[in-house]
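Close look at the chain arrangement
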Protein chains: 2
Amino acid sequence: MLYVVGIGPGGEEHLTKKAEEILKNVDLIVCYKGYKKFVERFNKPIYTTGMKKEIERVEYALRESKDKDVALVSSGDATIYGLASLAYELNEKKNYNVEIEVIPGITSASSCSAILGAPLNHDFVVLSLSDLLTPLDIILKRVRCALEGDFVIAIYNPMSKSRKEPFLKTIEIVKRYAEKNNTNYIIGIVKNAGRKNEEYKIITINELINNLEKYMEFIDMNTTLIIGNSNTKIIDGKMVTPRGYLNKYKIE
Amino acid sequence: MLYVVGIGPGGEEHLTKKAEEILKNVDLIVCYKGYKKFVERFNKPIYTTGMKKEIERVEYALRESKDKDVALVSSGDATIYGLASLAYELNEKKNYNVEIEVIPGITSASSCSAILGAPLNHDFVVLSLSDLLTPLDIILKRVRCALEGDFVIAIYNPMSKSRKEPFLKTIEIVKRYAEKNNTNYIIGIVKNAGRKNEEYKIITINELINNLEKYMEFIDMNTTLIIGNSNTKIIDGKMVTPRGYLNKYKIE
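Residues numbered from 1 in each chain as written. Chains lettered and ligands numbered in written order. Predicted model: local features only at pLDDT ≥ 70, side-chain atom pairs only at ≥ 80, totals over all residues. Heavy atoms only, no water.

Residue and element names in this part refer to chain B. Within strand 4 (residues 70-74), five of the five residues are buried, which leaves the element mostly enclosed by the surrounding structure. Bridge analysis of strand 1 (residues 2-6) against strand 4 gives five bridges, and the strand direction is parallel. If you follow V5 over to strand 4, its bridge partner there is V73. Relative to strand 4, strand 2 (residues 28-32) runs parallel, the two being bridged by three bridges. If you follow I29 over to strand 4, its bridge partner there is A71. (Buried < 20%, exposed > 50% of the residue type's maximum accessible area, 1.4 Å probe, protein only. Helix = DSSP H or I, 4+ residues; strand = E, 2+ residues; numbered from the N terminus. Pairing = 2+ DSSP bridges.)

Written as structure tokens, this is what we have:
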């Protein structure tokens, strides 16, 4: 049996009971090498591979699942940019015939929203800027559609050392919508959510553009951005998207 | 101190350690009356209000937080259609000066994705069809933007006994895009996620339209819909949105 388990944003505190229980009871844990430390406390055999070795990792997990209980660990949620769909695809293509169960976890959009205040408190988009598996033109079309719909936007994988173009083009598009709609979009930036070195900043699109180099030094692969919608505001230093109660019930 | 706590989809198993610890340690729990049973095991004083009494509930929680530790409980995540933003707004407007911390939880999109397979394994939109606080024309514009961007779409609050129009109009728009793009969108429907009477169906937009009455009897306020993108498929009876690994690495 294969369990694809989301372990949340990093620290132990956001692990669910179900995920904890599964990791305590399986025979083998398979994960990205960066998460090895996190799963060591379960005292199980651990198999890891590095970045871009996802297929090997999932195939190993599927093969071992034929006669063992295996946990394939994803950070955050198990399906949101996780390895659950690849497990289903390879299970069918290579005829492993393994039973698969997905255990959800706290995704970065949720954990970063909580850190920033409540920016995700209305309709939103979750979008990855990594063009490794998705063509850049599709990513940028999605950025435009998200802004056109005035969605709050949670951006995963904003940039890496070698991949800055999707981020720069995204910021260009946000700037254009900011001018068109006369809205200085509020942007929350969270780095290392749920880890010891967690940091966050709440700025605006104008502030970001005026100090682009500074912020680009701050942002990395462990950073999530949340761009507010046209109603998002800053309250007591926190980023808050109203749900609409105060307008509805006319509370002054 | 006020903790706005997301308790996940319903059962205890998806509660995080942090949420559990907070609920064990506060002096008072404030929640929607429907969640009273869930929080009784913590043996704390409980204050509840009903539907449409969110402002009274949050004001009570803020008032009590001045000299107590209070948990304001939301199902799912604390910010995603939860009460966190209202707490920040009222705290400022009414000068409560209470310290607020948000504890994230597993949102319905994650828990339903895990139940259905892995439909949320690429860029997605989370959208509520409730027009109680959001005008219907904005909701429908967001539906069009989401389809235009070929996002997976997680739909919360699809309909209630008295509110069916947003759902019917949404289905009309999905049908139009299905015809335009020649895509028979796959739709996952999950009812009572994480509860004893959990049920799910995986169908297509054509199947939904051809048996609309039947499915409208099934769908209620405790139902979440996930509409796939143009690449979403059914594998071994599960709904799966590929992330793109198999195309990228040309695995046949």
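There is more to say, and it comes next.
The next point concerns the interface of chain A and chain B. The interface is formed by 74 residues belonging to chain A together with 74 residues belonging to chain B. Of the roughly 7100 Å² buried at the junction of chain A and chain B (both faces included), carbon and sulfur atoms supply 60%. Counting every contact that joins chain A to chain B gives 13 salt bridges. In this structure, the salt-bridge partner of E20(B) is K17(A), at a minimum N-O distance of 3.2 Å. Our count for the chain A to chain B interface comes out at 40 residue pairs in polar contact (both at pLDDT 80 or more). If you tally residues by element for the side of chain A that touches chain B, the top one is helix 4 (residues 84-93) of chain A, at nine residues. (Contact = heavy atoms within 4.5 Å. Buried area = accessible area lost by both parts, 1.4 Å probe. Salt bridge = Lys/Arg side-chain N within 4 Å of Asp/Glu carboxyl O. Polar contact = N/O pair within 3.5 Å; in protein donor to acceptor, adjacent residues only side chain to side chain.)

Another aspect to go through is the sheet that holds strand 6 (residues 117-118) of chain B. Spatial ordering of the open sheet is given by 6-13-12 (chain B), a layout of three strands whose pairing is mixed. Edge positions in the open sheet fall to strand 6 and strand 12 (233-235) of chain B, since each of these has one partner strand only.

Below, the discussion takes up the domain arrangement of chain A. Residues and elements named next belong to chain A. Domain boundaries in chain A define domain 1 (2-106) and domain 2 (109-240). Here the C-alpha centre of domain 2 lies 28 Å away from the C-alpha centre of domain 1. Facing seven residues of domain 1, the contacting portion of domain 2 comprises ten residues. A buried area of about 700 Å², summed over both sides, lies between domain 1 and domain 2, and 67% of it is on carbon and sulfur atoms. Together, P9, Y81 and I106 form the three largest contributors to the area buried by domain 1 at its contact with domain 2, with a combined 59%. At the boundary of domain 1 and domain 2, one finds zero salt bridges. For the interface between domain 1 and domain 2, the tally reads two residue pairs in polar contact (both at pLDDT 80 or more). (Domains from an automatic or database assignment.)

What follows deals with the UniProt feature "domain: Tetrapyrrole methylase" (unreviewed entry) in chain A. In the numbering used here, UniProt assigns the feature "domain: Tetrapyrrole methylase" (unreviewed entry) to residues 1-208 of chain A. Measuring from the first to the last C-alpha atom of residues 1-208 of chain A gives 47 Å, for a span that is 38% helix and 23% strand. (UniProt positions renumbered as here; feature names shortened; annotations may be inferred.)

The next thing to look at is unusual backbone geometry. Even without being glycine, N157(A) reaches a positive phi, approximately 45 degrees. Considering the arrangement of structural elements, one finds N157(A) in the loop between strand 8 (152-156) and helix 7 (165-181).

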